[in-house]
Amino acid sequence: MDPQINSQRCVLAIAGLVCAATVTDVLTAQWVSFADDTAFRLLLDAFADNPAGDPMDDNQEKDVAVGDLNRDGWDDLIVVRKQPFSTPGARQDVLLLNENGVLVDRTAEFAPGFIATLTDARDVLISELTGDDWPDVIIVNTFWQQPMFYRNLGNNEMGNWLGLVDESSLRFPTIEVANLPGPQFCAVHGGDVTGNGAMDLFFSNYAMSGGTTDVLLINDGSGHFTDETAQRLGSYANVAFGTAVHIQDMDNDGDNDIVKISTLYSVAPFDIGVFILFNNGAGVFNALPFQEPANTSPYYFAVGDLDGNGMLDIFVEQDPQDQVNLATSVNPDGPITYSSFTLSSSPRTNGFGGNTKLADVDNDGGLDVGVAPIDVDIQNCGPGSQFALLRNPGDGHVFDPWPANDSRNIHIDAHDFGFIDVNNDGCMDIFMGLCIGWRVFIQENCVLPCPWDLDDSGDVGVKDLLFLLGAWGPCPPKGDCPADFDASGDVGVKDLLSLLGAWGPCP
């Protein structure tokens, strides 16, 4: 991997060395802005479910995943589609390859299974699941349709990418869930819960009434899965209306926990809320008490270290104003203590919302928040539903930097979105699937990070060199190591050369 990329990841995670703005600066400075480049950065073919229609005016529900599928250094997209809201209506899914900054529909060439098998898809995951280092695609379906596994075929001997092939029946068992004729999945997330180094999958299920069960599939290491929900979750698999899930090490004890939603109504042992299920170290979750961080009528959430203290926080999309739970201390197997606050004045996060994602949009080292405004069940498309991009000043207290009457081009009714560097300039852009149509927004005031500026002076000079020399040698076992630009575990000659190569003003 490029040492410069590693250096950015290493240094930007260090909250104390990030160029943090003061509250006054945050409120007055010009933040990120975007140009609508859809017309020349998105090329769509007609969809199999609507061959005579204009694909740019597509009015279907859309969900988005970002990943470099052909490993050419440019992030690609999978977009899954269905009839909007809680109505069955299978549609064609879409593969968009990023070809030098243009998102080109290559479904027919490289994912013909998307055309052959239409889906009632509600979520999609891009992740490496078979151990071959090529990212695969999981499509999560509702209205009784089984989830789908598309294996990445990698390159042929000539170095040409071969695309995706449907291996669902070879990789997944037939999934049965309580109280429903089949899965009604709304979300999926991956993570290794057993400790064997392979990514397992958790599917969030929903039922309009009466409750059902979520599903945990365990990966044998080669991308073949078994349903071990009952023995690993017990009654913790129960769910009312499950809309989101994450697999993360929430308590910093070295094993991955599960964070899930059960909402709309209570199903024992859960009321309505966001719940942390702690891993006992052997991939079993019902052996320990679960925890419910503070939340009110939640619908979606996202997990990440918002304040840079090394502990994972939870942003909760709620029916009232959205909320942030900042972790202040962790204990192995819980509980976790949180400091919670609701957004006080955001005009775009005080009602129904949907998909929620985190990314460092402005390259300042802090995770910013995107919230799509469209509910998966209640039909709330229209001008009153606006995408929210929330700014993180570095301490996790995210806020909406724009007033209610702001007519910014990104404030539109997106079903879902993806943070993606479309033009590979080092700054985050935004792809959106709207209630009607699509948008590709390119960040136009891009500021690149400067990881070699260790003293935050705005340039790389003598003080930074002295800092690096003072840190020469092995990094602390679990401490900060900002001068380890190549993420090698020590500060040495390669890091010195990297710093000298960046000598002078930061970009």
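Anyway, here's the lowdown on the structure attached to this text. If you're wondering where the values come from, they're calculated on a predicted model, not measured in any experiment.

Rules used in this analysis
Residues numbered from 1 in each chain as written. Predicted model: local features only at pLDDT ≥ 70, side-chain atom pairs only at ≥ 80, totals over all residues. Heavy atoms only, no water. Core = buried A, V, L, I, M, F, W, Y, C linked by side-chain atoms within 4.5 Å. Buried < 20%, exposed > 50% of the residue type's maximum accessible area, 1.4 Å probe, protein only. Helix = DSSP H or I, 4+ residues; strand = E, 2+ residues; numbered from the N terminus. Contact = heavy atoms within 4.5 Å. Phe/Tyr/Trp six-rings, centres within 6.5 Å; stacked < 30°, edge-to-face > 60°. Lys NZ or Arg CZ within 6 Å of the ring centre and 35° of its normal. Disulfide = S-S within 2.5 Å. Pairing = 2+ DSSP bridges. Axes fitted to C-alpha atoms, helices over the stretch in contact; angles between N-to-C directions. Parallel < 35°, antiparallel > 145°, perpendicular 65-115°, else oblique. Nonpolar A, V, L, I, M, F, W, Y, C, P; charged D, E, K, R; others polar. Arc of directions from axis to C-beta.

It is worth spelling out the nonpolar core at this point. Counting 24 residues, the largest nonpolar core has Met250, Val259, Ile276, Phe301, Ile314, Ile336 and Tyr338 as its most contacted members. Those elements giving two or more residues to this core turn out to be strand 18 (257-262), strand 19 (273-277), strand 20 (298-304) and strand 21 (313-318). Ranked by residues supplied to this core, first place goes to strand 20 with four residues. For Tyr338, the contacting residues outside a window of four places in its chain are Met250, Ile276, Gln291, Pro293, Leu312, Ile314, Asn325, Leu326, Ala327 and Thr328.

Let us look at the packing of aromatic side chains. Scanning the model with the defined rule gives 22 aromatic pairs in all. Aromatic side chains Phe110 and Trp161 sit 5.1 Å apart centroid to centroid with 35 degrees between the ring planes, which places their arrangement in the tilted category. Taken together, the residues Phe110 in helix 4 (residues 107-110) and Trp161 in the loop between strand 9 (148-152) and strand 10 (164-166) connect sequence positions 51 residues apart. Through successive ring pairs, a cluster of aromatic residues spans Phe149, Phe172, Phe185, Phe203 and Phe225. Lying across the ring of Trp438, Lys62 places its NZ or CZ 5.1 Å from the centre. Above the plane of the ring of Phe417 lies Lys357, whose end atom (NZ or CZ) is 5.2 Å from the centre.

Evaluation of the coordinates by the stated rule reveals four disulfides. Between the sulfur atoms of Cys475 and its disulfide partner Cys481 the distance amounts to 1.9 Å. Here the disulfide of Cys475 and Cys481 is left-handed, its torsion about the S-S bond being about -60 degrees. The two residues Cys475 and Cys481 agree in class, both being buried. The disulfide pattern of the chain is 1-3, 2-4, 5-8, 6-7 when the bonded cysteines are numbered in sequence order. Distance from the sulfur of Cys186, which forms no disulfide, to the nearest cysteine sulfur (Cys381) is 15 Å.

Taking strand neighbours across the sheet as the criterion, the three strands line up as 17-18-19 in an open arrangement whose pairing is antiparallel. Both edges of this open sheet fall to strand 17 (245-248) and strand 19, since each of them pairs with a single strand only. On average, each strand axis in the sheet is tilted by 15 degrees relative to the strand beside it, whichever way the strands run. Relative to strand 18, strand 17 runs antiparallel, the two sharing four bridges. Across the sheet, the residue bridging to Ile247 is Ile258, located in strand 18.

At their nearest, the axes of helix 8 (residues 462-470) and helix 9 (residues 493-501) sit 11 Å apart, and the two run at 175 degrees to each other. When the axis of helix 8 is compared with that of helix 9, the two are roughly antiparallel. Across the interface between the two elements, Asp464, Leu465 and Leu468 of helix 8 pack against Asp495, Leu496 and Leu499 of helix 9. Grouping the amino acids of the contact of helix 8 with helix 9 by side-chain chemistry returns four nonpolar, no polar and two charged.

This part takes up helix 9. Listed as buried for helix 9 are Asp495, Ser498 and Leu499. Buried residues in helix 9, looked at end-on, bunch into an arc of 95 degrees, giving them a common side. More than 90 degrees from the buried face of helix 9, the exposed residues found are Val493, Lys494, Leu497 and Gly501. At its buried positions, helix 9 is contacted by strand 30 (459-460), helix 8 and strand 32 (490-491).

Moving on: the sheet that holds strand 3 (residues 61-67). The five strands are arranged 2-6-5-4-3 in an open sheet whose pairing can be described as mixed. Because the sheet does not close on itself, it has two edges, and the strands there are strand 2 (42-43) and strand 3. The pairing of strand 2 with strand 6 (residues 102-105) spans two bridges and is classified as parallel. Bridge pairing in strand 6 links Leu43 to Val104.

Treat this as a map of the structure, not an account of what it does.
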